[in-house]
Amino acid sequence: MYVAVKGGEAAIANAHQLLADRRRGDRSLPAISIDQIVAQLGLAVDRVMAEASLYDRELAALAVRQARGDMIEAIFILRAYRTTLPRFGMSVPVDTASMKIERRISATYKDLPGGQLLGPTFDYTHRLLDPSLLADEPVAEPLRRTADGSSMMRVSDILAGEGLIESDGQMPEDHVPGDLTREPLEFPLNRDLRLQALARGDEGFLLALAYSTQRGYARTHPFVGEVRIGEVEVELDIPELGFAVSLGPVQVTECQMVNQFQGSAKNPPQFTRGYGLVFGQSERKAMAMSLVDRALRAQEFGEDIVAPAQDEEFVISHSDNVQATGFVEHLKLPHYVDFQAELDLVRRMRAEYDARNGIEKNETIRDAAE
Amino acid sequence: MDAIKENTGTAVSERKRAMGLLARASTEELQAGWLVIEPKPEVHPVRGPETGLVMVRGRIGGGGDPFNLGEATVSRATVRLGSGEIGHGQVLGNDREKARLAAIFDSLYQRPEHRSAVDLLIDQVESRIDAEDRKHAEQTAATRVDFFTMVRGDN
Amino acid sequence: MGAHTEIHASAFAGAFTDPVFQSQSVFRALMDAMARPGTITPLGATATPPAPLGAGAGAIALTLCDDGTPVWLTNALSHSSVPAWLSFHTSAPVTAVKPEARFVFIEAGGVVPGFDQFALGTQEYPDRSSTLVIEIASLTGGPEFVAAGPGIKDETILSPKGLPDIFLTLWTENRGLFPRGVDLILVAGADILCLPRTTKLRRREG
């Protein structure tokens with residue numbers, strides 16, 4: 001029998017009030033401001049923007065604060081917000097070759113044009129807790145050196161000069177880029193849709209999959225051709241004007257992963273590439289994305305599909321942390337009726353089992369929970 | 001004919017530059033610019049100001065065919081001056097007042113008597129951005145790796 | 001004008017004066033009218049789009065169209081300021097390819113193409129079909145049809161004026177494709193009458 005249950009309104013309202021109290025915490029401490037979150041927890045803000053698939057630092061910081069620092073909750077809130085906004089259009093594709101570089105490194109060429117620029121990196125730090133941050137000691141201004149303004153040639157272009165690397169990804173003629181926010185996914189996907197899904201995918205999930213490829217589950221022999229972080233212009237075509245106008249800059253992280261490829265019946269031995277592009281400063285995510293992108297191209301290169309990272313439906317269906325958290329967390333919602341049915345079934349099976357095995361009925365406190 | 005085309009091309013690239021810089025201006029810069037506009041024109045709203053989304057596209061492999069990277073918030077406005085000029089403002093983010101002011105300056109840019117005031121504003125914005133970019137580029141350049149060739153062991 | 005496209009001033013005017021409430025009111029009217037096929041329903045708000053698009057059809061366009069809904073226009077509409085007006089106010093792209101269109105607008109007196117030339121949806125996704133907005137002279141006073149189907153208690157009579165003579169044949173064929181097929185919104189002035197693909201029509205005898 002289905003029993004409709006009502007109630008809990010007061011408990012819910014009080015719980016939300018308690019949440020607001022705990023979020024604010026100790027009132028003798030100043031409340032954290034959105035500007036402080038943007039300025040001092042910038043990489044948390046970037047992760048929320050990347051996985052919410054919405055570039056807006058202030059709103060992402062607000063979501064982080066509202067979610068008490070729970071990243072997936074913050075991503076969920078920002079995703080929900082974006083559904084309330086109309087879409088004005090599609091940008092002109094951003095040009096990462098003309099990026100204003102804040103960091104650019106290559107693991108394949110030491111002396112590449114433009115040089116190796118470390119930028120604000122955690123690399124080469126000792127990962128020792130720094131007590132000076134407790135004391136809030138003054139921080140020195142960064143040093144400066146004349147920038148020679150030399151162009152930052154892409155590493156893929158260097159290899160392309162020798163004809164040893166596949167070209168940038170091309171889709172069939174007249175292909176309209178897929179958009180998973182508008183049309184339900186239908187497998188198999190084209191690479192453009194996979195990249196959209198990966199760009200908003202959960203960093204931890206993609207990191208684990210990328211790691212699995214390095215440990216032998218679909219080995220791709222990767223080298224970081226290049227990681228670059230910096231600002232690119234977003235331009236929008238204005239139909240009323242007949243030309244594109246810049247809306248301002250966004251910061252992105254790009255990774256070109258170069259993979260050795262032994263060749264197949266269709267393709268000569270050469271380097272292939274996995275590509276990663278992510279909102280904000282998010283090197284780990286961009287690298288993981290590029291490894292998974294390459295693994296998911298197995299079929300294209302005639303490679304055997306043997307590992308989870310190569311299974312498109314598995315990877316893309318489970319990479320979205322808002323979907324994943326919704327489905328996992330819904331289990332805590334009332335399932336009283338479902339469970340009653342299961343309970344009756346198990347009791348019946350147990351009674352039959354006991355009868356078959358000559359076990360006497362054991363009086364229990366079975367009604368206590370009902 | 002070609003001369004006309006070229007003129008139009010220059011006009012387009014100048015307005016494109018102006019609109020791009022208006023999008024990069026801070027709300028305070030635009031407000032300060034508005035204060036010095038005399039006489040104040042009649043401004044009618046046509047659309048917005050309103051906030052929405054633009055899907056930011058990247059290219060597969062960096063230079064290949066486009067894919068949808070993710071959206072960005074954009075505020076936009078369209079205004080009409082009493083004299084008929086239509087101005088459009090579109091800026092990243094949630095600041096609708098900034099979009100409205102950018103649209104007003106885009107419409108004023110088309111009026112000869114206001115052109116120099118708008119030029120002055122966007123030149124100021126451009127020099128501020130250039131200075132910031134130079135500072136960042138120089139700070140980044142200081143983190144450039146200078147490799148030394150080590151003496152080989154077998155020498 | 002080179003790359004620069006000059007747009008007629010009418011493209012910028014004539015949208016809703018109160019976009020949130022007016023589009024909600026029109027949406028509600030459309031929903032009610034679709035749920036009660038054959039019932040004449042006032043839209044509750046109108047727009048002033050460039051000719052030859054009418055006030056009611058303009059309000060429907062502002063309410064339903066966005067950048068994700070390609071629109072097909074008749075020859076007369078596509079050679080007016082209507083494409084620029086639609087683009088400016090709704091961001092909807094105009095397409096010349098009939099099966100790509102999610103919405104189709106036909107001005108009063110315009111030629112109505114065969115319904116099966118537009119998107120009819122698929123068995124799996126019957127919703128991926130076109131909705132046709134057809135302006136006609138009047139929602140009453142024309143040849144009488146008896147309508148039946150979901151949303152209609154028993155039967156109802158409707159008499160739109162200004163549809164092509166072949167309309168009943170077109171509609172019967174469309175009905176035969178169910179669950180595929182197009183849906184119709186008939187507009188006269190500020191009133192609408194909807195015919196979803198579920199509605200059966202026959203000519204009223206005598």
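Residues numbered from 1 in each chain as written. Chains lettered and ligands numbered in written order. Predicted model: local features only at pLDDT ≥ 70, side-chain atom pairs only at ≥ 80, totals over all residues. Heavy atoms only, no water.

### Describing the interface of chain B and chain A
Residue-level contacts link 53 residues of chain B with 74 residues of chain A. Of the roughly 5700 Å² buried at the junction of chain B and chain A (both faces included), carbon and sulfur atoms supply 60%. Connecting chain B to chain A are seven salt bridges. For the salt bridge of Glu71 of chain B with Arg82 of chain A, the shortest nitrogen-to-oxygen distance reads 2.4 Å. Run the count over chain B and chain A and you get 32 residue pairs in polar contact (both at pLDDT 80 or more). The greatest single-element share of the side of chain B that touches chain A, amounting to eleven residues, is contributed by strand S1 (residues 43-59) of chain B. Its residues assigned to classes, the side of chain B that touches chain A shows 20 nonpolar, 18 polar and 15 charged. As paired strands, strand S2 (residues 87-92) of chain A and S1 of chain B are joined by three bridges and run parallel to one another. Each residue of the ladder has a partner; that of Arg87 of chain A, found in S1 of chain B, is Leu53 of chain B. (Contact = heavy atoms within 4.5 Å. Buried area = accessible area lost by both parts, 1.4 Å probe. Salt bridge = Lys/Arg side-chain N within 4 Å of Asp/Glu carboxyl O. Polar contact = N/O pair within 3.5 Å; in protein donor to acceptor, adjacent residues only side chain to side chain. Helix = DSSP H or I, 4+ residues; strand = E, 2+ residues; numbered from the N terminus. Nonpolar A, V, L, I, M, F, W, Y, C, P; charged D, E, K, R; others polar. Pairing = 2+ DSSP bridges.)

### Side note on helix H9 (residues 283-295) of chain A
With 13 residues, H9 of chain A extends 18 Å from end C-alpha to end C-alpha; this agrees with the ideal 18 Å at 1.5 Å per step. Along H9 of chain A, the residues that are buried comprise Glu283, Lys285, Ala286, Ala288, Met289, Ser290, Leu291, Val292, Asp293, Arg294 and Ala295 of chain A. (Expected span 1.5 Å × (residues − 1). Buried < 20%, exposed > 50% of the residue type's maximum accessible area, 1.4 Å probe, protein only.)

### Structural notes on the state of the cysteines
The tally for this structure, following the rule as stated, stands at zero disulfides over all chains. With no disulfide of its own, Cys194 of chain C has Cys65 of chain C as its nearest cysteine by sulfur position, at a separation of 14 Å. (Disulfide = S-S within 2.5 Å.)

### Considering the interface of chain C and chain A
On the chain A side, the residues contacting the 13 residues of chain C number twelve residues. Summed over both partners, the interface of chain C with chain A comes to about 910 Å²; 40% of that surface belongs to carbon and sulfur atoms. For the pair chain C and chain A, the number of links is three salt bridges. For Glu183 of chain A, the salt bridge identified is with Arg128 of chain C, shortest N-O distance 3.5 Å. Applying the counting rule to chain C against chain A returns two residue pairs in polar contact (both at pLDDT 80 or more). A per-class count over the side of chain C that touches chain A returns five nonpolar, five polar and three charged.

### Focus on the environment of Gln22 of chain C
All names here are of chain C. Looking at the secondary structure, you find Gln22 in helix H1 (residues 19-35). Overall, the relative accessible area of 18% leaves Gln22 in the buried class. Sequence separation between Gln22 and Ser129 is 107 residues; the distance between their C-alpha atoms is 26 Å. Setting aside chain neighbours within four positions, we find Gln22 in contact with Phe16, Thr17, Ala45 and Thr46. Side-chain polar atoms of Gln22 contact the backbone nitrogen of Thr17, separated by 2.9 Å.

### Topic: the nonpolar core
Soluble, globular proteins show a tendency: their nonpolar side chains are buried together. Membership of the largest hydrophobic core comes to 77 residues, with the highest contact counts inside it found for Val48, Leu198, Val252 and Val292 of chain A together with Leu69 of chain B. Broken down by element, this core gets its largest block of residues, seven residues, from strand S5 (residues 243-261) of chain A. The two domains that each donate at least three residues to this core are domain 1 (14-24 + 31-82) and domain 2 (91-119 + 151-168 + 184-325) of chain A. Once you skip the residues sitting within four places of it in the chain, Val252 of chain A turns out to touch Met99, Arg228, Ile229, Gly230, Val232, Leu277, Val278, Phe279 and Gly280 of chain A together with Leu69 of chain B. Formed by 29 residues, the second largest nonpolar core is a distinct cluster that contains Val26, Cys65, Leu73 and Leu86 of chain C. (Core = buried A, V, L, I, M, F, W, Y, C linked by side-chain atoms within 4.5 Å. Domains from an automatic or database assignment.)

### Looking at the domain arrangement of chain A
The domain boundaries assigned to chain A delineate domain 1 (14-24 + 31-82), domain 2 (91-119 + 151-168 + 184-325) and domain 3 (334-370). For domain 1 of chain A versus domain 3 of chain A, the distance between C-alpha centres works out to 46 Å.

### As for the pattern of salt bridges
For the structure shown, the criterion picks out 53 salt bridges over all chains. A salt bridge links Glu226 of chain A to Arg228 of chain A; the shortest N-O distance between them is 2.6 Å. Assigned by exposure class, Glu226 of chain A and Arg228 of chain A land together as buried. Members of the salt-bridge network, linked through shared partners, are Arg82, Arg87 and Asp179 of chain A together with Glu71 of chain B.

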